[in-house]
Amino acid sequence: MTVQFSNFIAGESVSASQATANINPSNTHDVIGEFASGTKTDVDAAVAAAKAAFPAWSRSNPQMRHDVLKKASDEVMARKEELGRILSREEGKTLAEGIGEATRAGQILAFFAGETLRLNGEVVNSIRPGVGIEVTREALGVIGMITPWNFPIAIPAWKLAPALAYGNTVVIKPAELVPHSAFMLVDILNRAGLPKGVLNLVMGKGSVVGQAILDHKDVTAISFTGSVGTGRRIAAACVTSSPMKKVQLEMGGKNPLVVLDDADLDVAVDCALNGAFFSTGQRCTASSRLIVTEGIHDKFVAALTARMQGLVVDDALKSGTQIGPVVDPGQLKVDEDYIAIGRAEGAKLHWGGERLNRENPGYYLQPALFTECTNQMRISREEIFGPVAGVIRVKNYDEALAVANDTDFGLSSGICTTSLKHATHYRRNSEAGMVMVNLPTAGVDYHVPFGGRKGSSYGPREQGAYAREFFTTVKTAYTFAG
Ligand code: NAD
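Here's what I pulled together on the structure shown here. (Residues numbered from 1 in each chain as written. Predicted model: local features only at pLDDT ≥ 70, side-chain atom pairs only at ≥ 80, totals over all residues. Heavy atoms only, no water.)

Quick look at the overall build of the protein chain
- In terms of regular secondary structure, the protein chain is built from 15 helices and 23 strands.
- The C-alpha radius of gyration computed for the protein chain amounts to 23 Å, which stays within 12% of the reference 23 Å derived for 482 residues, consistent with globular compactness.
- A buried classification covers 57% of the 482 residues belonging to the protein chain.
- Partitioning the contacts of the protein chain with sequence separation of at least 6, the portion at a separation of at least 24 is 75%.
- Of the roughly 19,100 Å² of accessible surface on the protein chain, a fraction of 53% belongs to carbon and sulfur atoms.
- If the 48 positive side-chain charges of the protein chain are averaged to one point and the 50 negative ones to another, these points end up 5 Å apart. (Helix = DSSP H or I, 4+ residues; strand = E, 2+ residues; numbered from the N terminus. Rg over C-alpha atoms; globule rule 2.2 N^0.38 Å. Buried < 20%, exposed > 50% of the residue type's maximum accessible area, 1.4 Å probe, protein only. Contact = heavy atoms within 4.5 Å. Areas by Shrake-Rupley, 256 points an atom, 1.4 Å probe, with all protein chains shown as cover. Lys, Arg positive; Asp, Glu negative; His and termini not counted. Charge placed at Lys NZ, Arg CZ, Asp CG, Glu CD.)

See below:
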């Protein structure tokens, strides 16, 4: 019998009249479970519970908040193999990647356990005699969280941990394709000792549950990660709602990896292979534009293609798999459509791009490499979000930098070079939130800020101590002591 998963509202499991089947993309015969499809009524109840829990939680002892987050971290770490398996089964990234992501969620929870004790303010001299000024940070209120499918546990963790650490209460809606990982995380946090109503989970459609969160007047702020199109709509809803909502958006990327003539070829190929194709290319930080100077171009393409030919594309849970399936038929169609668009635009499909059959039915796609791309082609400008990358040939470093920055996005950006001069210049002049030298554009630490520029991000950064910029509000208090 298929397992049923309910919403979690005001400390109770709340079943729904409708449910959505969660299907394993590596094996479409495998139904992971039936997950509640929430309604506006569920959101209203969840927001009411979060609002009621806010006064006590926001004034709670930081040691208590520390202990809850630390306990949750310990459980995530102790169960990382199990959580990694759950994640890989529903999302399709390899088991090693799934366990790595679960580990990261545990690390994030531990980091923000510590942050509860580090939240500080300032005492500033006034320009008026006898007046003292104190600048402090306070919790915001009820935070609505809307998350995407590609990091099913890490993204909920990196939003929930700071929100709870700084005393906010939460209603979270995970992506419809991957509710199981978020369900597990919410269960672990609640059992770690969160008071009733502090953390509520409402699963279901963006257009229903997400929209109801956006429309609710008692939701103070929205933290969103997902596509640019949805992000724009969310930002518009937040500024036109009454009262207006604080908003933080993390969105797509079209991340460049520059490879210069003086690069170590092995390093450059490793960076490109990992950055473009690992996690099936379904990362906002994926290197989808490989910008290569002409002296190394042919050697780089040949070496990268040889490595791509050896990649094992198979069931995410099978040992030896390096690239799992695409997440669902919708994303597979997008990937194949873009492969057709690239060919029609005049790029050369150098290798890959074929549908693959494996032991079980799944959404398997051979990683695809285009060459002879220009930076004006749609495949160079629009986020594909699959295992598809294009090589753009350039004359020299200056042209490489100009092409790298010529994009509507600005999340992550990389360069492979042995020149200190070019590495330093690139770090300073790349128009991206994160810059990598001789490292893949994807893959970041958990204790430092994460986010981008231009169309990739809107609002304060996520992660590390910088997360307090979004998850707290500043109060400036003046006191005349006589
Ligand atoms: P999406 O925009 O389709 O969905 C994201 C979330 O928004 C889902 O939970 C969805 O249900 C919800 N949603 C959809 N319509 C809504 C509406 N009208 N109102 C409220 N909520 C709504 O994105 P996706 O396909 O799940 O994720 C892929 C995208 O996420 C890619 O663009 C990727 O680059 C981006 N992403 C960005 C980062 C980052 O940190 N910058 C990280 C991971 C993924």
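Description of the pattern of salt bridges
- Taken as a whole and judged by the stated rule, the model has 27 salt bridges.
- When the shortest N-O distance is used, the salt bridge between Glu469 and Arg137 registers 3.1 Å. One end of the pair, Glu469, is in helix α15 (residues 468-471); the other, Arg137, is in strand β7 (residues 131-139), with 332 residues separating them in the sequence.
- On the basis of relative accessibility, which here comes to 39%, the residue Glu469 falls in the partly exposed class. (Salt bridge = Lys/Arg side-chain N within 4 Å of Asp/Glu carboxyl O.)

Some remarks on helix α7 (residues 206-215)
- Along α7, the positions that sit buried rather than exposed are Val209, Gly210, Ala212, Ile213 and Leu214.
- Tucked into the core, α7 has its buried residues touching α1 (40-58), β8 (142-146), β9 (169-173), β11 (221-225) and α8 (228-240).

Describing the layout of surface pockets
- In this model, the largest pocket occupies a volume close to 890 Å³.
- Every residue lining the largest pocket is counted, 38 residues in all, and those nearest its centre are Pro148, Phe224, Gly226, Ser227 and Thr230.
- Every element with two or more residues in the lining of the largest pocket is listed here: α7, β11, α8 and α11 (329-345).
- Of all the elements, α8 adds the most residues to the lining of the largest pocket, at six residues.
- Around the second largest pocket, the lining comprises 17 residues; the ones closest to its centre are Arg104, Phe151, Ser279, Arg283 and Gly443.
- Taken together, the elements giving at least two residues each to the lining of the second largest pocket come down to α4 (95-116) and α5 (154-165).
- Among the elements that make up the lining of the second largest pocket, the one with the highest residue count is α4 (four residues).
- For the lining of the second largest pocket, the residue count by class is eight nonpolar, four polar and five charged. (1 Å grid on protein atoms, 1.4 Å probe; cavity = no way out; pocket = protein on both sides within 12 Å on 5 of 7 lines; lining within 4 Å. Points joined across faces, edges and corners; volume = space filled by probe spheres on them. Nonpolar A, V, L, I, M, F, W, Y, C, P; charged D, E, K, R; others polar.)

Quick look at the state of the cysteines
- For the coordinates displayed, the defined rule picks out zero disulfides.
- Between Cys238, a free cysteine, and Cys284, which holds the nearest cysteine sulfur, the sulfur-to-sulfur gap is 20 Å. (Disulfide = S-S within 2.5 Å.)

Let's talk about a negative patch on the surface
- The grouping of Asp261, Asp262, Glu294 and Glu399 at the surface amounts to a negative patch.
- Structurally, Glu399 is set in helix α13 (residues 397-405).
- With relative accessibility at 32%, the residue Glu399 sits in the partly exposed group. (Patch = residues over 30% accessible without salt bridge, like charges linked within 9 Å, V, L, I, M, F, W, Y side chains within 5 Å.)

Focus: the nonpolar core
- In terms of nonpolar packing, the biggest core is built from 58 residues, with Phe112, Leu160, Leu164, Leu189 and Leu199 touching the most fellow members.
- The greatest single-element share of this core, amounting to nine residues, is contributed by α5.
- Among the domains, domain 1 (4-251 + 456-480) and domain 2 (255-437) are the pair contributing at least three residues each to this core.
- Counting 26 residues, the second largest nonpolar core, distinct from the first, contains Ala276, Phe277, Met308 and Ala389. (Core = buried A, V, L, I, M, F, W, Y, C linked by side-chain atoms within 4.5 Å. Domains from an automatic or database assignment.)

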